[in-house]
Amino acid sequence: MRSAGQRGADRAGRKRRAGARGGADLPPRRPVMAACAFRRSIASQLSKVLDLPPEKLIQSISAVPVSKKRHVADFQLSVASVLENHSGDCLAQDLQLQTQKLAEKLKCDAVVSEISTGPGTVNFTINRELLAKTVLQQVLKDGSEYGIKSELFSMVPRQKAVIEFSSPNIAKKFHIGHLRSTIIGLLGVGFQQFGDKEKLKSSPLQHLFEVYVQINKAAEDENIKKLAADFFRKLEEHDEQTLSLWKQFRGFSIEEYIRIYKRLGVHFDEYSGESFYQEKSQEVLRMLEDKGLLQKTIKGTGVVDLSEKKDLSLYSTVMRSDGTSLYITRDLAAAIDRMNKHSCDTMIYVTDKSQSSHFQHLFQILKLMGYDWAERCQHVSFGLVQGMKTRRGEVVFLEDVLDEVRSRMLQNMASAKTTKEVEDPMETAEKVGLAALIIQDFRGLLSSDYQFSWDRALQSRGDTGVFLQYTHARLHSLEQMHGNEQLTDVNASCLQEPDAISVLQHLLRYDEVLYRSSQDLQPKHIVSYLLTLCHLAAVAHKTLPVKGSAPELAQARLCLFRAARSVLGSGMQLLGITPVTRM
């Protein structure tokens, strides 16, 4: 989630220094989804007409977004994408003529009930009974894996990814917009001057924060700067007393981070802060020197020339004049170490966009060092948030924001007429409040800045996380009201109303949305999809009553709502949101 100043991904945190890392194997994919069967059937017929393999055509066949006009096809083929001789200069009327000719060669069959054309597209409408039966069966059969089993992912190899995100500074409380400069040296000097061992034991992070505030006021003093530099140098030289003090800071900080990460539902496989790589960073400097990449400036600092003409018009500083390392040196050491340790296929760094040039330099230096895998490293940047304040004033810590959103949600729940009695109001308020923050944050491009609004984020109607949670709870309540029984032998052909078809069409698109987000690493596609699903489900809930309908029709409608809730819940969990069943 983003926050004042910066935003993070599962954005739990912000700046990426003494960071936490995670690595995961992506699950294998199996091409057995509803939309896949329809795409393959359409591709099979197109293959015979166009004399192209079905596999080449499948990527050009996409599900059509639901329209308020109702009368839309289910799939469309982009004709330009499959014409070998087509170029951007092709006249629109020529393309439309070829589109018309292609449509005339195609025939309806047991799967496709109607074929039409649009601007540069051939549109396919699926047999309505088959659509309802296939989609509902597949959603309820696959459960949380619906969409992931799509053949769209069959060409995406199983990979191991190491993801670095959050990375708050040690001993800085989980900050909503982490400092960009290192606090290691200053904190060490500050504790030596203002520290209290008893306070460190009883309230470590709060005391360390107070120490940092005090020493930061004196940070302009040249003597303080020198002492801070000396502390950091001793740390790199493994001075026993300095190292012991820093290990205490680190241990206390990580304990606090784990507690706050838990509130966010985030678990890390590994905590390896930049200080962990101080020794290895010296090895990196030696490697750079051995490869002839390290150059000394007049001031004695070490730089790597990144310019094309090798005239130092673009360079990156990797060593201070006293021989100690910098952030980028330790990041180089960390990247090399992780690749050696995990043998991963890709490394993804999630940080604020102000660090874009840092990562460009990082990846460029790795390439110069001969590490081809640097091509597989990626920086996912996020933007700034303006206007996030608590009732007490300007936001400082992420925990303040989490406490604030929980408090506001508790008040909203207490005053709302529709609120149901829940076992643990605090826990429900926390889950709904976190959903509000995440959806507000993920609605746009990650790299976009945005203005935060508590009122907008916590609305129970509109495109908010609260609306997602409310819809999920409402659909769950509907199932419980009707016995929550296993639905067997459902006659899906009953679902012919426009509002039912709209929900089915939308469920059909889920795999494409997941695939798109997996390719550009933008959660906004999933957010938009889930919000639309909630709006469609809300309309259907009004126009397609379960209670009072004939048993066969009631069963079919209940099945439709259960499928919608299943996909909604799965999508929310992908975004780091825990769905509530009552609110």
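Not measured: the values here are computed from a predicted model.

Quick notes on the overall build of the chain
Turning to step 1, where the next piece is worked out: Helices and strands together make up the secondary structure of the chain, namely 20 helices and 16 strands.
Turning to step 2, where the next piece is worked out: Burial statistics for the chain: of 583 residues in total, 53% are counted as buried.
Turning to step 3, where the next piece is worked out: For the chain, contacts bridging at least 24 residues in sequence account for 71% of all contacts bridging at least 6.
Turning to step 4, where the next piece is worked out: Carbon and sulfur atoms form 49% of the exposed surface of the chain, whose accessible area is close to 27000 Å².

Section: the nonpolar core
Turning to step 1, where the next piece is worked out: Grouped together as the largest cluster of nonpolar side chains are 113 residues, with contacts concentrated most on Leu46, Phe75, Phe124, Val135, Leu507 and Leu575.
Turning to step 2, where the next piece is worked out: Sorting elements by how many residues they give to this core places helix 20 (residues 551-574) first, with 11 residues.
Turning to step 3, where the next piece is worked out: The next biggest cluster of nonpolar side chains, apart from the first, holds 31 residues, and it includes Leu288, Ile336, Met347 and Cys377.

So, the sheet that holds strand 9 (residues 302-305)
Turning to step 1, where the next piece is worked out: Spatially, 8-9-10 is the arrangement adopted by the three strands of the open sheet, whose pairing is antiparallel. Of all the strands in the sheet, the pair left with one neighbour each is strand 8 (294-296) and strand 10 (315-319). Averaged over all pairs of adjacent strands, the angle between strand axes in this sheet comes to 45°, irrespective of strand direction.
Turning to step 2, where the next piece is worked out: Both strand 9 and strand 10 contribute to a ladder of four bridges, which runs antiparallel. Bridging from a neighbouring strand, Val304 pairs with Ser316 of strand 10.
Turning to step 3, where the next piece is worked out: Against the sheet, helix 12 (residues 356-368) makes contact with strand 9 and strand 10, and its axis sits at roughly 80° relative to strand 10, the strand it touches most.

Side note on the confidence of the model for the chain
Turning to step 1, where the next piece is worked out: On average, residues of the chain score 85 in pLDDT, and 87% of them reach the 70 mark or higher.
Turning to step 2, where the next piece is worked out: Of all secondary-structure elements in the chain, the lowest mean pLDDT belongs to strand 1 (residues 20-25), at 37, while strand 9 reaches the highest, 98.
Turning to step 3, where the next piece is worked out: Low pLDDT, under 50, characterises residues 1-32; the stretch is placed with 170 contacts to residues that sit more than four places away or in other chains.
Turning to step 4, where the next piece is worked out: In this model residues 170-182 is a low-confidence stretch, pLDDT under 50, and it forms 70 contacts with partners more than four residues away in sequence or in other chains.

Considering the pattern of salt bridges
Turning to step 1, where the next piece is worked out: Evaluation of the coordinates by the stated rule reveals 28 salt bridges.
Turning to step 2, where the next piece is worked out: Here Asp230 ties to Lys226 by a salt bridge, and the two come within 3.3 Å at their closest N and O atoms. Of the two residues, Asp230 and Lys226 are both situated in helix 8 (residues 222-236); the distance of four residues between them amounts to about one turn of the helix.
Turning to step 3, where the next piece is worked out: Classification of Lys226 as exposed rests on a relative accessible area of 52%.
Turning to step 4, where the next piece is worked out: In this structure, the salt-bridge partner of Asp449 is Lys353, at a minimum N-O distance of 3.0 Å. Placement of Asp449 in the loop between helix 14 (425-442) and strand 16 (450-451) and of Lys353 in the loop between strand 11 (346-352) and helix 12 is noted, with a sequence separation of 96 residues between them.

Brief notes about the packing of aromatic side chains
Turning to step 1, where the next piece is worked out: Going through the model one piece at a time under the given rule, you end up with 13 aromatic pairs.
Turning to step 2, where the next piece is worked out: Between Tyr349 and Phe363, the aromatic rings sit 5.9 Å apart at their centres with planes inclined by 50°, giving tilted as the arrangement. Residue Tyr349 is located in strand 11, and its partner Phe363 is located in helix 12; the two are separated by 14 residues in the primary sequence.
Turning to step 3, where the next piece is worked out: For the ring pair Tyr510 and Tyr529, a centre distance of 5.2 Å and an interplane angle of 35° mean the geometry is tilted. Residue Tyr510 is found in helix 18 (residues 510-520), and its partner Tyr529 is found in helix 19 (residues 524-543); the two are separated by 19 residues along the sequence.
Turning to step 4, where the next piece is worked out: Tyr510 gets classed as buried once you look at its relative accessible area, which sits at 1%.
Turning to step 5, where the next piece is worked out: Grouping aromatic residues by their ring pairs yields a cluster made of Tyr146, Tyr510 and Tyr529.
Turning to step 6, where the next piece is worked out: Geometry around Phe232 places Arg320 over its ring, the cationic atom sitting 5.1 Å from the centre.

Looking at the sheet that holds strand 3 (residues 75-78)
Turning to step 1, where the next piece is worked out: With antiparallel pairing, the four strands of this open sheet are ordered in space as 2-3-5-4. Each end of this open sheet is capped by a strand with a single partner; those strands are strand 2 (61-63) and strand 4 (112-118). Averaged over all adjacent pairs, the angle separating strand axes in this sheet is 25°, with direction ignored.
Turning to step 2, where the next piece is worked out: Note: strand 2 against strand 3, three bridges, orientation antiparallel. Looking across to strand 3, one finds that Ser62 is bridged to Gln76.

Some points on the packing of helix 8 against helix 9 (residues 240-263)
Turning to step 1, where the next piece is worked out: Between helix 8 and helix 9, the least distance of the axes is 8 Å, while the angle of their chain directions is 95°. Relative to helix 9, the element helix 8 lies roughly perpendicular. Contacts between helix 8 and helix 9 involve Phe231, Lys234 and Leu235 from the former and Thr242, Leu243, Leu245 and Trp246 from the latter.

Quick notes on the pairing of strand 4
Turning to step 1, where the next piece is worked out: Inspection of the sheet shows strand 4 paired to strand 5 (residues 121-126) by six bridges, in the antiparallel sense. When the sheet's bridge partners are listed, Ser116 is paired in strand 5 with Asn123.
Turning to step 2, where the next piece is worked out: In this structure, the hairpin formed by strand 4 and strand 5 is closed by a connection of two residues, where Gly120 is found at a positive phi of approximately 75°.

Brief notes about the environment of Leu264
Turning to step 1, where the next piece is worked out: Among the structural elements, Leu264 can be located in the loop between helix 9 and strand 7 (270-271).
Turning to step 2, where the next piece is worked out: Note on Leu264: relative accessible area 8%, which makes it buried.
Turning to step 3, where the next piece is worked out: As a C-alpha pair, Leu264 and Gly576 span 312 residues in sequence and 7.7 Å in three-dimensional space.

Cut-offs applied
- Residues numbered from 1 in each chain as written.
- Predicted model: local features only at pLDDT ≥ 70, side-chain atom pairs only at ≥ 80, totals over all residues.
- Heavy atoms only, no water.
- Helix = DSSP H or I, 4+ residues; strand = E, 2+ residues; numbered from the N terminus.
- Buried < 20%, exposed > 50% of the residue type's maximum accessible area, 1.4 Å probe, protein only.
- Contact = heavy atoms within 4.5 Å.
- Areas by Shrake-Rupley, 256 points an atom, 1.4 Å probe, with all protein chains shown as cover.
- Core = buried A, V, L, I, M, F, W, Y, C linked by side-chain atoms within 4.5 Å.
- Pairing = 2+ DSSP bridges.
- Axes fitted to C-alpha atoms, helices over the stretch in contact; angles between N-to-C directions.
- pLDDT = per-residue confidence, 0-100.
- Salt bridge = Lys/Arg side-chain N within 4 Å of Asp/Glu carboxyl O.
- Phe/Tyr/Trp six-rings, centres within 6.5 Å; stacked < 30°, edge-to-face > 60°.
- Lys NZ or Arg CZ within 6 Å of the ring centre and 35° of its normal.
- Parallel < 35°, antiparallel > 145°, perpendicular 65-115°, else oblique.

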